[in-house]
Amino acid sequence: ALYEHQKYQYEIEKNAYGKLEDKASKYLASLTVVITAYTAIVGIFLKELLINLNPLVCFLCIFLIVFSFIFLCFSWYSIFRCLRLQEVFRLESNQEMIDYFLDQDYLETVYLDLSEKYDKATQQYIKQNEKKINLIKNGYSEILVGVLSSVILIFIVFLIQLGTGQNERPKAATTTATTCTATEATKT
């Protein structure tokens, strides 16, 4: 019963390790796409906006662009570290193990030894899983900070566009009214 329990615990931690690796690789792939898209969007759309802005607003926009990019890169780095190859304990499956089975007089001794080895391997997986969980949590927190600052930047750009659009409308109406008045004056 002890052997079966330890083997089951080992399988649980081993599967959790694989799931964490899978989750980290999905995060990494998503982050790579987000960082690439973010860089392209910032380069295309904000280049023209920053030229005609108040220096303070321009500084704020540039700060948010850099801040978001840095935090997205930090999260990418945390997730990438999670995928780093790590040494894990493995049970032997060589001739030495076979000889050990054959040399023992009691099968209980073999099962007890295997239970202890499974426990050692399980403990190592638990430590590795904790490291991976912490790296994924850090990456997720950094993603949130990067995305929130990006949302603030988008909101500011939206307000700038909204303000620019309203400033252009009265000018157009004034120009049209002036043109109409000038045309009427020339006719008389």
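Residues numbered from 1 in each chain as written. Predicted model: local features only at pLDDT ≥ 70, side-chain atom pairs only at ≥ 80, totals over all residues. Heavy atoms only, no water.

**Remarks on the overall build of the chain**
Helices and strands together make up the secondary structure of the chain, namely four helices and zero strands. Reading the chain from its N terminus to its C terminus gives the helix and strand order α-α-α-α. Here the chain, with 188 residues, has 29% of them falling under the buried criterion. About 13,300 Å² of surface is accessible on the chain, with carbon and sulfur atoms providing 64% of the total. (Helix = DSSP H or I, 4+ residues; strand = E, 2+ residues; numbered from the N terminus. Buried < 20%, exposed > 50% of the residue type's maximum accessible area, 1.4 Å probe, protein only. Areas by Shrake-Rupley, 256 points an atom, 1.4 Å probe, with all protein chains shown as cover.)

**Side note on the nonpolar core**
Counting residues in hydrophobic clusters, the biggest one holds 22 residues, and the most contacted among them are Tyr38, Cys61, Ile79, Ile136 and Leu153. Only helix H1 (2–51), helix H2 (55–82) and helix H4 (107–187) provide two or more residues apiece to this core. Among the nonpolar cores identified, the runner-up in size contains eight residues, and Tyr3, Tyr17, Tyr118 and Ala121 belong to it. (Core = buried A, V, L, I, M, F, W, Y, C linked by side-chain atoms within 4.5 Å.)

**Re the side chain of Thr122**
With respect to the helices, strands and loops of the structure, Thr122 is situated in helix H4. Within the structure, the side chain of Thr122 is placed 2.7 Å from the backbone oxygen of Tyr118, a separation counted as a polar contact. The contact partners of Thr122, leaving out residues within four places of it in the chain, are Gln6, Gln9, Tyr10 and Glu13. (Polar contact = N/O pair within 3.5 Å; in protein donor to acceptor, adjacent residues only side chain to side chain. Contact = heavy atoms within 4.5 Å.)

**Comments concerning the environment of Glu13**
Within the fold, Glu13 resides in helix H1. Of the residues examined, Glu13 reaches a relative accessible area of 18% and is grouped as buried. Counting along the chain gives 114 residues from Glu13 to Lys127, while the straight-line C-alpha distance between them is 9.9 Å. Aside from chain neighbours lying at most four places away, what touches Glu13 is Thr122, Tyr125, Ile126 and Asn129.

**A short note on the pattern of salt bridges**
It is possible for side chains bearing opposite charge to pair when their charged atoms get close. Using the criterion set out here, one finds three salt bridges in the structure. Across the pair Asp22 and Lys26 runs a salt bridge whose closest N-O atoms are separated by 3.4 Å. Highlighted residues: Asp22 and Lys26, both in helix H1, separated by four residues, approximately one helical turn. (Salt bridge = Lys/Arg side-chain N within 4 Å of Asp/Glu carboxyl O.)

**Let's talk about the packing of aromatic side chains**
Taken as a whole and judged by the stated rule, the model has eight aromatic pairs. Taking the centre distance of 4.8 Å and the plane angle of 50° together, the rings of Phe67 and Phe71 count as tilted. Of the two residues, Phe67 and Phe71 both sit in helix H2, four residues apart, roughly one turn of that helix. Assessed through its relative accessible area of 29%, Phe67 is described here as partly exposed. Judged by relative accessible area, Phe71 falls into the partly exposed class, the value being 21%. Seen in terms of ring centroids, Trp76 and Phe80 are 5.3 Å apart; in terms of plane orientation they differ by 10°. Their pairing is stacked. Here the residue Trp76 and the residue Phe80 both occupy positions in helix H2, the gap between them amounting to four residues, near one helical turn. Taking the relative accessible area as the measure of exposure, Phe80 reaches 44% and is therefore partly exposed. Grouped by ring-pair contacts, the aromatic residues Tyr10, Tyr17, Tyr118 and Tyr125 constitute a single cluster. (Phe/Tyr/Trp six-rings, centres within 6.5 Å; stacked < 30°, edge-to-face > 60°.)

**Side note on a nonpolar patch on the surface**
Together, Ile62, Val66, Ile70 and Phe74 make up a nonpolar patch on the protein surface, roughly 320 Å² of accessible area in all. Tracing the backbone through its elements, the reader meets Phe74 in helix H2. (Patch = residues over 30% accessible without salt bridge, like charges linked within 9 Å, V, L, I, M, F, W, Y side chains within 5 Å.)

**Some details on H2**
Because an α-helix packs 3.6 residues into every turn, residues spaced three or four apart end up facing the same way. An ideal rise of 1.5 Å per residue puts 40 Å on 28 residues; H2 measures up with 41 Å between its terminal C-alpha atoms. Cys58, Cys61, Leu64, Ile65, Ser68, Leu72, Ser75, Ser78, Ile79 and Cys82 are the residues of H2 that are buried. (Expected span 1.5 Å × (residues − 1).)

**Some points on the confidence of the model for the chain**
Mean pLDDT over the chain works out to 78, with 74% of the residues at or above the 70 mark. Per-element averaging of pLDDT across the chain places helix H3 (residues 95–103) at the bottom with 68 and H2 at the top with 87. Here residues 171–183 scores under 50 on pLDDT; set against residues more than four positions off or in separate chains, the count is zero contacts. (pLDDT = per-residue confidence, 0-100.)

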